[in-house]
Amino acid sequence: MALTELDRQARDLFVQWCRAEGCSVRIDAIGNIFARRPGLRDDLPAIATGSHIDTQPTGGKFDGNYGVMAGLEVIRTLNHHGVRTEAPIEVCVWTNEEGSRFVPVMMGSGVYCGDFTLEHALSRADHDGVTVAEALATIGYAGPAPASVGSGAPRFGAYFEAHIEQGPVLEDAGIVIGAVTGALGQRWYDVSVSGMESHAGPTPMKLRKDALYAATHLMQQVVDIALARQPHGRGTVGCVHVHPNSRNVIPGRVDFTVDFRHADDAGLLDMDAALRQAAAELQRNFPVGVTLEQVVYYPPAAFDPVLVDAIRHGAERAGCDCLDIVSGAGHDAVYVARTAPTAMIFVPCKDGISHNEVEDADPAHLEAGAKVLLHAMLERAGTASCESGHPAPR
Ligand SMILES: [Zn+2]
């Protein structure tokens, strides 16, 4: 979990491994870590990679960690083969990507790109009232470097993030490398349907204001709205609270969540309009009131076509099949993409399962993803020279 004693140990280990490879390490004010391998031209913006090392309470060991370890492996491979790059190489660890202990999610990269301020992030508190600022100070990761591009944090020349897919598409297609062309936009809502609580026996059917009966119609429509917008529409009702949730009381109020995703903003707006129309119709057709509040909006992200191409070339060099894919989940890369050319590499995870301790991935696939990352980064960083007797990396 982010900014805990275990997070400190994992951070220390990463920093120690990077220093052992000759990297300098920079920590910023939100605790993001940047390990830097110098280039021949240190005035060039770094070619960067990375991800997060925090996890969910019952999360797996690949989500996030894979991208950071793949970056470290790139540096070790370059060192092993004595390869000097023109541009510096950096490996990033972004603070609190998961948002499990502190909200908002993708906190470190969100501050970096300026989606919200450092002060806002530092003031967020966990369930015990411990703030991000206090937790960072406790584990010794409140760094001196500026945390946002707006306050002087360096922009990257390119940013690649390797990640397990967290979905079933690559495994289903039997393909090892996903060249991620972008990420779905998201709109989240809180919906409340209100009727009237009354006794399940004496109240005749025609005199009821059954909030749950009405709400189930709207919940069906959330999924139908997505089904009508394939392949890139997603609609989910994941959380439902029924009041008073008693066997023999007609439900007086139902609160539920809506999670809409779509590959383009027009599609997402279209889903928004359809939901609002369905809510209005519900109030006409049932004796209930409906309130609808949008609580989260992430615009769709289109990754950089040149970098996506670099990933395709990397897959070719590594001898892997490659499939264009769109990320359904949020990632640090989505925020970094607002500041620099960005793309992601996906590798399959077993049965598409993530945020679960059974999360698993094939070592051969993880190795392939790291090779593709290496080639893609080298294509952008420029290979200057090879000093050792080792053959160039393949
Ligand atoms: Zn992740």
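Structure shown above.
Note that the coordinates shown come from a computational prediction; the quantities given were computed from them, not determined experimentally.

**A word on the overall build of the chain**
Phase 1 of the analysis: Scanning the chain from terminus to terminus reveals 11 helices and 18 strands.
Phase 2 of the analysis: What you see for the chain is a C-alpha radius of gyration of 24 Å, in line with the 21 Å of a compact globule of 394 residues.
Phase 3 of the analysis: In terms of overall dimensions, the chain has a C-alpha envelope of 90 × 45 × 35 Å along the principal axes.
Phase 4 of the analysis: Accessible surface computed for the chain: about 17,200 Å², of which carbon and sulfur atoms make up 53%.

**Quick notes on the environment of glutamate 134**
Phase 1 of the analysis: For glutamate 134, the location among the structural elements is in helix H5 (residues 132-139).
Phase 2 of the analysis: Judged by relative accessible area, which is 43%, glutamate 134 ranks as partly exposed.
Phase 3 of the analysis: Distance from glutamate 134 to methionine 377, taken between C-alpha atoms, is 36 Å for residues 243 residues apart in sequence.

**Points about the packing of aromatic side chains**
Phase 1 of the analysis: The full count for this structure, using the stated rule, is 11 aromatic pairs.
Phase 2 of the analysis: On the basis of an interplanar angle of 55° and a centroid distance of 5.2 Å, the ring pair of tryptophan 94 and tyrosine 112 is categorised as tilted. Linking tryptophan 94 in the loop between strand S5 (89-93) and helix H3 (107-113) with tyrosine 112 in helix H3, this pair joins segments that are 18 residues apart in sequence. Side by side, tryptophan 94 and tyrosine 112 carry an identical accessibility label, which is buried.
Phase 3 of the analysis: Between tyrosine 189 and phenylalanine 260 the ring centres are 5.9 Å apart and the planes differ by 80°, which places this aromatic pair in the edge-to-face class. Linking tyrosine 189 in strand S8 (residues 185-194) with phenylalanine 260 in strand S13 (residues 253-262), this pair joins segments that are 71 residues apart in sequence.
Phase 4 of the analysis: Aromatic ring contacts, followed pair by pair, group Phe34, Trp94, Tyr112, Phe156 and Tyr159 into a single cluster.
Phase 5 of the analysis: Arginine 11 extends its terminal NZ or CZ atom over the ring of tyrosine 141, reaching a point 5.0 Å from the ring centre.
Phase 6 of the analysis: Note that arginine 76 overlies the ring of tryptophan 17, its terminal NZ or CZ placed 5.7 Å from the centroid.

**Brief notes about helix H11 (residues 363-381)**
Phase 1 of the analysis: In this model, H11 (19 residues) spans 26 Å end to end at C-alpha, consistent with the 27 Å of a helix rising 1.5 Å per residue.
Phase 2 of the analysis: By the burial criterion, the buried members of H11 are Leu366, Ala368, Gly369, Ala370, Val372, Leu373, Leu374, His375, Ala376, Met377, Leu378 and Ala381.
Phase 3 of the analysis: Sitting at the amino-terminal end of H11 is aspartate 362, which places a side-chain oxygen 2.8 Å from the backbone nitrogen of alanine 364.
Phase 4 of the analysis: Glycine 382 sits one or two residues past H11 and shows a positive phi near 80°.

**A word on helix H7 (residues 211-227)**
Phase 1 of the analysis: The first and last C-alpha atoms of H7 sit 25 Å apart over 17 residues, in line with the 24 Å expected at 1.5 Å per residue.
Phase 2 of the analysis: Residues of H7 that are buried: Ala211, Ala214, Ala215, Leu218, Met219, Val222, Ile225 and Ala226. Along the axis of H7, the buried residues cluster in a sector spanning 145°; they form a single face. H7 presents Tyr213, Gln220 and Leu227 as exposed residues on the side facing more than 90 degrees away from its buried surface.

The rules behind the values
Numbering of residues begins from 1 in every chain and follows the order in which that chain's sequence is written. Local features in this predicted model are restricted to residues of pLDDT 70 or higher, and side-chain atom pairs are both shown and tallied only at a pLDDT of 80 or more, whereas totals for entire chains, interfaces and linings draw on every residue. Note that the side-chain values use all heavy atoms of the structure and ignore hydrogens as well as water. Numbering of helices and strands runs from the N terminus; a helix is a DSSP stretch of H or I covering at least four residues, while a strand is a stretch of E covering at least two. Just to be clear, the radius of gyration here is over C-alpha atoms, and the globule rule we use is 2.2 Å times residues to the power 0.38. In this description, accessible areas are obtained by the Shrake-Rupley approach with a 1.4 Å probe, and a residue is regarded as covered only by the protein chains that are shown. Under the scheme applied here, a residue whose accessible area is under 20% of the maximum for its type counts as buried, over 50% as exposed, and between as partly exposed, the area being computed with a 1.4 Å probe on protein chains only. Pairing of aromatic rings covers Phe, Tyr and Trp, the last counted by its six-membered ring, and requires centre-to-centre distances within 6.5 Å; plane angles under 30 degrees mean stacked, over 60 mean edge-to-face, and any other angle means tilted. Geometrically, a charge over a ring is one whose NZ (Lys) or CZ (Arg) sits within 6 Å of the ring centre while staying within 35 degrees of the ring normal. In a helix, the anticipated span is given by 1.5 Å times the number of residues less one. Pairs of N or O atoms are called polar contacts if they sit within 3.5 Å, as long as, within protein, a hydrogen donor faces a hydrogen acceptor (for residues adjacent in sequence, only side-chain-to-side-chain pairs). The arc in question is formed by the directions pointing from the helix axis toward the C-beta atoms.

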